[in-house]
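Here's the letter readout for the chains.
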Amino acid sequence: MSAPDHPFPCIRLEMSPAVSTSDVPILSLEKVTKTFPGVRALSEVSIDLYPGKVTALVGENGAGKSTVVKTLTGIYKPDGGEIRIDGVAVQFPTPQSAENAGVTAIHQETVLFDELSVAENIFLGHAPKGRFGLIDTRAMQRGAQEILDGLGVKIDPSTILKELGTANKHLVAISRALSVDARVVIMDEPTAALSHAEIEELYELVDGLKAQGKAILFISHKFDEIFRIADNFTVFRDGQMVGDGAIADVTEAELVKMMVGRDVNQIFPERDRNLGEEVLSVEGYDHPTEFADIGFSLKRGEILGFYGLVGAGRSEFMQALFGTTKPSAGTVRVDWAEVTICSPADAVSHGIVYVPEDRGKQGAIVDLPIFQNVTLPSLKQTSRRGFLKLAEEFKLAREYTERLDLRAASLDTNVGSLSGGNQQKVVIAKWLATEPKVIILDEPTKGIDIGSKAAVHEFMAELAAQGLAIIMVSSEIPEIVGMSDRVIIMREGRIAAELDRHDISPEVLVSHAAGIMEATA
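Residues numbered from 1 in each chain as written. Predicted model: local features only at pLDDT ≥ 70, side-chain atom pairs only at ≥ 80, totals over all residues. Heavy atoms only, no water.

In terms of burial, helix α17 (residues 506-514) is largely enclosed, as 8 of its 9 residues are buried. Listing the buried residues of α17 in full gives Pro506, Glu507, Val508, Leu509, Val510, Ser511, Ala513 and Ala514. On its buried side, α17 packs onto α7 (223-229), α8 (252-260), β13 (303-307), α16 (477-483), β21 (486-491) and β22 (494-500). Looking at the residues trailing α17, positive phi occurs at Gly515, about 85°. (Buried < 20%, exposed > 50% of the residue type's maximum accessible area, 1.4 Å probe, protein only. Helix = DSSP H or I, 4+ residues; strand = E, 2+ residues; numbered from the N terminus. Contact = heavy atoms within 4.5 Å.)

Dropping the structure here:
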């Protein structure tokens, strides 16, 4: 038995006659709640997705957008509320069940398999079958070619994925999402790895999907994209839906106000800002793919905030400054002397340390006890003639963990058993024990409770008062406003603005980060 010409369902992307839209949503979230330990990620949120329309989901980092995507695609199960398709309540216990219901997603970070071909990646898990239930390779190749042609992508379906560049891999991920008979297409930051020409092609793709009556949820922090392709908008803030409507009825300034429309009501420590001499300067720092022309100076006792939306390049720059990745150009001076940083050991030797965002994987060894984590970069201080001195290790670890008010049964406690806030304190203590000149704190209070946040903020203020220079990368606007002496805002790998303390406001931060030319008042 020969296989039919089109043995699998796929989306044809040629512009077909316009499909009439409906006032009845294909998919709805109704008062959906999702809670994780200590955090309510979604609080009775609602959103409607209509056929033939694009709904933009807007919100700053941590607003709950990714949680919504994972809930709609069966990765998370909601704790309350309903998901409805055509008005009927449904449940998605697995990603496969969501896909079977016609919901597909193009994730910001899609897992593909480098050793498989393009066609195999596109149809992984739902490849067309021939006789005896075996995969019909020829039909799979034809199907992949049809989808790629519809996207206007010139990629041979037989190409092994690892031979492609980043942008083409992203287009393969899009093709994979479109290889099922989807009624709802979720696009989560789909243009992050695409060039300008490829973004224009994506816009054409979206227009084609709309013409076929697909409901599209489009998540982006780029306002030009939102106003280019969206019909409707929904704004999330702190896990709540705070506004929705037609995109034609809202301005960029109004969206920004909805995104950040809260008072900076956290209590931050009062500080005497007595800044000293310049301790660090960076000029012309470039990376081939992540950032370009980064330059700034930093003084003793200063807290310099770095703000930006997803993909702005902040963490990538900090990792290069610390020597974990290599820049293509740039100069670093410490105390006015030019230094070379090719590795973290070089950075530490020049007085620059880095507390990473992912403390569990990059900041600490969770299976080791507290005292060994704290003393790991300072073994010269705790050893004699090549032998570790246990008493010296405990003495050094106790000094810095007590300064941070770390709560643990003993210094023998494994780091993995500590709370997120106490793990963060261990990582900070580890680097403070090296007596640095500059400390880089990448999302220093991410995932920790309010009490621990306050303790970290108090300690940051103390460190600055003692003359330590601090770079603070944060996505939390209250933290940026409440702790920074200056703020550098990054967008798409470049510095978009530099603000003095008195010029910082939530609206100005988001406006610059989102690329809105005129910052809102």
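A cluster of nonpolar residues, Val111, Phe113 and Leu124, forms a patch on the protein surface that exposes about 270 Å² of accessible area. For Phe113, the location among the structural elements is in the loop between β6 (103-106) and α3 (118-122). Classification of Phe113 by relative accessible area gives partly exposed; the value is 40%. (Patch = residues over 30% accessible without salt bridge, like charges linked within 9 Å, V, L, I, M, F, W, Y side chains within 5 Å. Areas by Shrake-Rupley, 256 points an atom, 1.4 Å probe, with all protein chains shown as cover. Salt bridge = Lys/Arg side-chain N within 4 Å of Asp/Glu carboxyl O.)

Right, let's talk about the packing of aromatic side chains for a bit. Aromatic ring pairs are described here by two measures, namely the spacing of the ring centres and the angle between the planes. All chains considered together, the criterion is met by 7 aromatic pairs. Where Tyr285 meets Phe291, the ring centres are 6.5 Å apart and the plane angle is 5°; that geometry is what we call stacked. Here Phe291 falls in the buried class, since its relative accessible area comes to 3%. Judged by centre distance (5.7 Å) and plane angle (50°), the ring pair of Phe322 and Tyr354 falls under tilted. Taken together, the residues span a long stretch of sequence, with Phe322 in the loop between α9 (314-321) and β14 (329-334) and Tyr354 in strand β16 (residues 352-355) at a distance of 32 residues. Considered together, Phe322 and Tyr354 belong to a single accessibility category, that of buried residues. Following the ring pairs from residue to residue traces out a cluster consisting of Tyr285, Phe291, Phe296, Phe306 and Phe317. Above the face of the Tyr50 ring, Lys53 is positioned so that its terminal group lies 5.9 Å from the ring centre. (Phe/Tyr/Trp six-rings, centres within 6.5 Å; stacked < 30°, edge-to-face > 60°. Lys NZ or Arg CZ within 6 Å of the ring centre and 35° of its normal.)

In this section: the sheet that holds strand β10 (residues 240-246). The 6 strands lie next to each other as β6-β7-β8-β3-β9-β10, forming an open sheet whose pairing is mixed. Pairing within the sheet leaves two strands with one partner each, and these edge strands are β6 and β10. Averaged over all neighbouring strand pairs, the angle between strand axes comes to 20°, with direction disregarded. Sheet analysis places strand β3 (residues 54-58) next to strand β9 (residues 232-237), joined by 4 bridges and oriented parallel. By the bridge assignment for β9, Thr55 is matched with Asn232. The sheet contacts of helix α1 (residues 65-72) involve β3, β6, β7 (184-188), β8 (215-219) and β9, and relative to β7 the element is tilted by about 150°. Contacts between α8 and the sheet are confined to β3, β9 and β10, with β9 contributing the most and set at about 30° to the helix. (Pairing = 2+ DSSP bridges. Axes fitted to C-alpha atoms, helices over the stretch in contact; angles between N-to-C directions.)

It is worth spelling out the nonpolar core at this point. Judged by nonpolar contacts, the single largest core of 130 residues is most densely connected at Leu280, Phe296, Phe306, Tyr307, Phe317, Ile471 and Leu509. If sequence neighbours within four positions are ignored, Phe306 has contacts with Phe296, Arg314, Phe317, Met318, Ile471, Met472, Val473, Ser474, Ile480, Ile488 and Met490. The next biggest cluster of nonpolar side chains, apart from the first, holds 25 residues, and it includes Leu27, Val32, Ile83 and Phe92. (Core = buried A, V, L, I, M, F, W, Y, C linked by side-chain atoms within 4.5 Å.)

The strand order across the open sheet built from 4 strands is β2-β1-β4-β5, with neighbouring strands paired in antiparallel fashion. Because the sheet does not close on itself, it has two edges, and the strands there are β2 (39-49) and β5 (88-90). Adjacent strand axes in the sheet meet at a mean angle of 35°, parallel and antiparallel pairs treated alike. Note that strand β1 (residues 27-36) and strand β4 (residues 80-85) share 5 bridges and pair antiparallel. By the bridge assignment for β4, Ser28 is matched with Arg84. Where α1 meets the sheet, it contacts β1, β2 and β4, and its direction lies at approximately 115° from that of β1.

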